[in-house]
Amino acid sequence: MNLAHYARIWLTAARYSVVRTLMFRGDFIIWALVELFWMTVNLLMISVIYQHTDSVAGWSKYEMMLLVGTSLLIQRFLMGFFWSSIFEMGRNIRTGNFDFFLAQPGNVMFMATTRKIDPDSLINSLIAAGVVVYSARQLGLHPGAADLALYGLLIGCGVIIHYSMLVLCITPAFWITSAQGIEGSYFTLSEFSRLPREAFRGVANIAFVWILPVVLVSNAPASTLLRGFDLRLVGWVLAVTVIWFSLAVFLFHRGLRRYTSASS
Amino acid sequence: MLAILNKYRAAFSVGLQSNLVYRVNFAIRGFFSFFHLIVVFILWGAAYAGNPAIGGFGFAQTFTYFVALIVVQFMIGAFNEDYQISEEIRNGLINQFLLKPVNYFAYRFSIYLSARLVTGLLILLPVLVTYPLLKDYLVLPADLWRLALGVPALLMSALIQFGIAYCFGLVSFWLLEIQGLVILSMALESVLGGQIFPLDLMPDWLFRLSQYLPYYYQMYFPVAIFTGRINDPAAALNGLVLQAGWVVIILALGQLLWRRGLRLHTAVGG
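Analysis parameters
Residues numbered from 1 in each chain as written. Chains lettered and ligands numbered in written order. Predicted model: local features only at pLDDT ≥ 70, side-chain atom pairs only at ≥ 80, totals over all residues. Helix = DSSP H or I, 4+ residues; strand = E, 2+ residues; numbered from the N terminus. Rg over C-alpha atoms; globule rule 2.2 N^0.38 Å. Buried ≥ 20, exposed ≤ 12 C-beta atoms within 10 Å, placed from the backbone. Contact = placed C-beta atoms within 7 Å. Arc of directions from axis to C-beta. Nonpolar A, V, L, I, M, F, W, Y, C, P; charged D, E, K, R; others polar. Core = buried A, V, L, I, M, F, W, Y, C linked by C-beta atoms within 7 Å. Axes fitted to C-alpha atoms, helices over the stretch in contact; angles between N-to-C directions. Parallel < 35°, antiparallel > 145°, perpendicular 65-115°, else oblique. Left-handed = near helix turned anticlockwise from the far one by under 90°. pLDDT = per-residue confidence, 0-100.

Enquirer: Kindly report on the overall build of chain B, identifying the contributing residues and their values.
Expert: Along its length, chain B carries 12 helices and 0 strands. Along the chain direction, N to C, the helices and strands of chain B fall in the order α-α-α-α-α-α-α-α-α-α-α-α. Computed over C-alpha atoms, the radius of gyration of chain B comes to 20 Å, within 12% of the 18 Å expected from 2.2 N^0.38 for 270 residues, which places it in the range of a compact globule. Expressed along its principal axes, the backbone C-alpha trace of chain B runs to roughly 65 × 40 × 40 Å. Among the 270 residues that make up chain B, the fraction classed as buried is 37%.

Enquirer: Residue-level account of the overall build of chain A, with values.
Expert: Secondary structure summary: chain A contains 11 helices and 0 strands in total. For chain A, the succession of helices and strands along the chain, N to C, is α-α-α-α-α-α-α-α-α-α-α. A globule of 264 residues ought to have a C-alpha radius of gyration of about 18 Å, and chain A, at 19 Å, matches this closely. Seen along its three principal axes, the alpha-carbon backbone of chain A occupies a region of about 55 × 45 × 35 Å. A burial count over chain A gives 38% of its 264 residues as buried. Of the contacts formed within chain A by residues at least 6 apart in sequence, a portion of 80% connects residues at least 24 apart.

Enquirer: Can you lay out the environment of I155 of chain A for me, pointing to particular residues and giving the numbers?
Expert: In this fold, I155 of chain A is placed in helix α7 (residues 145-170). Aside from chain neighbours lying at most four places away, what touches I155 of chain A is L73, I74 and P221 of chain A.

Enquirer: Hey, could you go over helix α4 (residues 81-90) of chain B for me, with residue numbers and the actual values?
Expert: Residue and element names in this part refer to chain B. Burial in α4 covers these residues: E81, D82, I85, S86 and I89. Viewed end-on, α4 has its buried residues packed into an arc of 130°, placing them on one side of the element. Contacts made by the buried residues of α4 are with α6 (104-122), α8 (144-170) and α9 (179-192). At the C-terminal side of α4, G92 shows a positive phi close to 85°.

Enquirer: With reference to specific residues and values, describe the interface of chain B and chain A.
Expert: On the chain A side, the residues contacting the 25 residues of chain B number 26 residues. Those elements that place two or more of their residues in the side of chain B that touches chain A are α2 (23-48) and α9 of chain B. Tallying contributions element by element places α2 of chain B first for the side of chain B that touches chain A, with 11 residues. Within the side of chain B that touches chain A, the residues separate by chemical class into 19 nonpolar, 6 polar and no charged.

Enquirer: Which residues make up the environment of I42 of chain B, and what values do they have?
Expert: Its place among the elements puts I42 of chain B in helix α2. Using a count of 22 C-beta atoms within 10 Å as the deciding quantity, one classes I42 of chain B as buried. With residues near it in sequence (within four places) discarded, I42 of chain B still touches L195, A199, F200 and A204 of chain A.

Enquirer: An account of the nonpolar core is needed here, citing residue identities and associated values.
Expert: Soluble globular proteins: nonpolar side chains tend toward being buried together. In terms of nonpolar packing, the biggest core is built from 127 residues, with L66, L78 and L166 of chain A together with F162, V223 and I225 of chain B touching the most fellow members. In terms of residues, this core owes the most to one element, helix α3 (residues 61-95) of chain A, which gives 18 residues. Not counting residues up to four positions away in its chain, the partners in contact with F162 of chain B are A78, E81, F109 and Y112 of chain B.

Enquirer: Run through the packing of α2 of chain B against helix α7 (residues 124-134) of chain B, naming residues and quoting values.
Expert: All names here are of chain B. Their axes nearest at 8 Å, the elements α2 and α7 cross at an angle of 45°. When the axes of α2 and α7 are compared, the pair comes out oblique. As for the relative orientation of α2 and α7, their crossing is right-handed in sense. Only L125, P126 and T130 of α7 make contact with α2, whose side of the interface consists of A27, G30, F31 and F34. Among the residues making up the contact of α2 with α7, the classes are represented as 5 nonpolar, 2 polar and no charged.

Enquirer: Talk me through the packing of helix α2 (residues 25-52) of chain A against helix α6 (residues 119-138) of chain A; I want residue IDs and the actual numbers.
Expert: All names here are of chain A. Running from amino to carboxyl end, α2 crosses α6 at an angle of 30°, the nearest separation of the two axes being 9 Å. Comparing the axis directions of α2 and α6 gives the class roughly parallel. Judged by the sense of rotation from one axis to the other, the crossing of α2 with α6 is right-handed. Across from F28, W31, A32, E35, L36, M39 and L43 in α2, the residues of α6 making contact are P119, D120, S121, I123, N124, I127, A128 and V131. Tallied by class, residues from the contact of α2 with α6 come to 11 nonpolar, 2 polar and 2 charged.

Enquirer: Give a detailed account of the confidence of the model for chain B, specifying residues and quantitative values.
Expert: Reading fine detail from the predicted coordinates is not recommended where pLDDT is low. Looking at chain B as a whole, its pLDDT mean stands at 90, while 99% of the residues score no less than 70. Ranking the elements of chain B by mean pLDDT puts helix α1 (residues 2-21) of chain B last with 85 and helix α11 (residues 220-227) of chain B first with 96.

Enquirer: Before we move on, could you go through the environment of R263 of chain B and cite the residues and values that matter?
Expert: All names here are of chain B. Note that R263 resides in helix α12 (residues 233-264). According to the C-beta neighbour criterion, R263 is exposed, with 7 such atoms within 10 Å. Separated by 90 residues in the primary sequence, R263 and F173 place their C-alpha atoms 9.3 Å from one another.

Next up, the structure:
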């Protein structure tokens with residue numbers, strides 16, 4: 001079971017998803033529009049707030065746009081590569097259809113969470129990236145190749161952290177089969193990722209910056225672009241990535257042992 | 001007359017029972033909505049730092065607006081009425097209503113009322129639990145005219161909420177899949193209905209324009225009357241007239257879609 005083997009499996013699944021999308025073109029267009037609309041809603045909120053103030057927690061309008069764009073970018077990648085599979089995983093565990101993944105040639109967690117990709121989200125990641133580029137231009141930023149690589153690395157870490165949190169939101173389904181709607185708890189959390197870290201004080205700072213890394217995930221890449229490399233920040237993100245991913249892997253496999261293929 | 005009322009009272013009580021089954025889900029949903037208030041509190045709190053007023057309103061006024069929005073949403077918002085109607089059309093359950101002396105709109109509306117009774121009461125739970133934390137940031141003006149105009153506005157908002165969901169549900173006569181369409185319009189509703197930011201903070205021309213759209217009367221209008229974002233009784237009265245106009249238009253559209261849709265309906269399944 002080497003990397004090439006998994007890459008081949010993933011490519012096959014991806015090709016299947018793309019073919020499916022081509023079959024339902026109308027759906028693709030509608031869902032791409034849905035995501036585009038919601039992204040616009042977030043940007044509208046920022047522009048309305050900045051009509052009445054110049055700074056929110058020390059962030060100017062385009063700095064904030066860059067933050068929101070970064071957060072949207074991470075979310076698009078998560079949606080594009082993992083959301084459908086992980087969302088269906090909860091349902092499959094409840095109905096017993098999860099058996100299907102146990103019989104597949106590879107790690108169960110990999111097979112179950114990477115089966116489907118959503119090209120509509122991936123298309124919109126270009127728009128999110130456009131928001132980041134546009135904001136960076138408005139701010140007169142000229143990041144070098146190293147800055148961009150670091151930004152990419154932090155975005156990658158962000159996707160892994162969100163992936164782990166999403167898996168952790170679904171994993172309880174192994175224990176409590178009636179827990180419908182726990183997927184929604186993830187969305188509530190992701191709302192926090194569009195806020196600047198400096199706005200969090202006291203208990204909120206401990207909860208959403210230190211314990212749950214939702215705020216860190218989007219703030220770290222954005223502030224790297226804005227203020228340059230900060231070793232402590234990057235180290236922190238890398239450590240958090242390892243911790244959360246390990247936690248997700250550990251609990252997923254713990255849950256898997258409880259799986260009884262129960263269906264009705 | 002009494003017989004007719006009894007018919008829909010039965011639908012109401014069935015709806016009540018089936019919604020009570022999901023009371024825990026609704027309660028959890030209510031508590032999660034309050035998590036959203038933390039985001040609101042942090043974001044707007046940061047925006048208000050150094051600004052005593054935004055758009056002429058203080059922080060507590062804006063925060064109260066967002067709290068009221070959630071409460072009103074659980075009291076009158078259409079949750080999944082459009083899906084339920086769409087499902088009944090697609091799997092043929094709707095056929096049974098065509099054979100019985102039951103008005104489908106009235107039947108659905110009775111169930112909507114029972115569902116909102118359940119969710120409207122359940123949302124009081126998180127309000128009561130968090131009240132000690134919230135009370136320093138809640139300000140409600142206590143004018144009598146707000147009650148006199150706000151209550152009819154709220155009732156008409158409920159009709160608009162349900163009416164729009166009803167129309168979307170009926171689109172299933174033409175389209176198999178309405179989910180994407182519904183979420184697309186939800187994004188529009190959430191902005192122009194004032195759920196993302198109070199509409200009065202928009203540029204003036206956009207705010208004026210929004211007052212002629214139905215979304216304004218879905219949520220923002222009654223909430224603005226109650227929370228003091230509309231302070232002129234004459235303007236509120238004017239709004240009520242426009243709102244009544246939209247109620248008529250949306251209900252008529254529902255009626256039209258129903259008549260036209262039935263002609264296409266092939267009564268599959270059942």
